[in-house]
Amino acid sequence: MPILHVAGSGSVSVAKLAGSQALALGATATNTGALGSQMVRLVGDVAFNWNYGAAATAATTNIFMAANSAEYFVINVGDRIAAITATGGTGTLWVAEVI
């Protein structure tokens, strides 16, 4: 990610978001379509577990993310993101491609 230098404020990382997908999360794993970038930003309104790969599937033993936290991850072009709620219930996961 490029670094933006702000006078008197230090530096911040900046990124351009290319597109996003909203996944309905539940007790059954769901997947995005194939992604066209090597970095994604993930944020969900519920705690969730996720995985990635060309034929990804998710289970509650996969990578955990807390609700309402945004994180950036490096993946491979063509990968899919798979996710499942961590504690049951339903929610939404937003997957944004970073270029």
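Residues numbered from 1 in each chain as written. Predicted model: local features only at pLDDT ≥ 70, side-chain atom pairs only at ≥ 80, totals over all residues. Heavy atoms only, no water.

As for unusual backbone geometry
- A positive phi angle is found at N68, which is not glycine, with a value near 60°.
- Relative to the helices and strands, N68 is located in the loop between β7 (63-65) and β8 (70-74).
- Under the relative-accessibility criterion, N68 is labelled exposed at 61%. (Helix = DSSP H or I, 4+ residues; strand = E, 2+ residues; numbered from the N terminus. Buried < 20%, exposed > 50% of the residue type's maximum accessible area, 1.4 Å probe, protein only.)

Focus: the sheet that holds strand β6 (residues 48-53)
- Spatial ordering of the open sheet is given by β4-β9-β6-β7, a layout of 4 strands whose pairing is antiparallel. Looking along the sheet, the strands with just one partner apiece sit at the ends: β4 (30-31) and β7.
- Two elements, β6 and strand β9 (residues 80-85), share 6 bridges in a ladder whose sense is antiparallel. Bridging across to β9, F48 finds its partner in T85. (Pairing = 2+ DSSP bridges.)

Examining the environment of Q38
- Within the element layout of this structure, Q38 appears in the loop between β4 and β5 (39-44).
- For Q38, a relative accessible area of 52% translates into the label exposed.
- If sequence neighbours within four positions are ignored, Q38 has contacts with F73, V74, I75 and V77. (Contact = heavy atoms within 4.5 Å.)

A short note on the nonpolar core
- Formed by 14 residues in total, the largest nonpolar core has its most connected members in V40, L42, F48, W50, I81, L93 and V95.
- At the level of secondary structure, the elements contributing two or more residues to this core comprise β3 (17-25), β5, β6, β9 and β10 (91-98).
- Filtering out sequence-adjacent residues up to four positions away, V95 remains in contact with G19, S20, Q21, T32, L35, V40, R41, L42 and I81. (Core = buried A, V, L, I, M, F, W, Y, C linked by side-chain atoms within 4.5 Å.)

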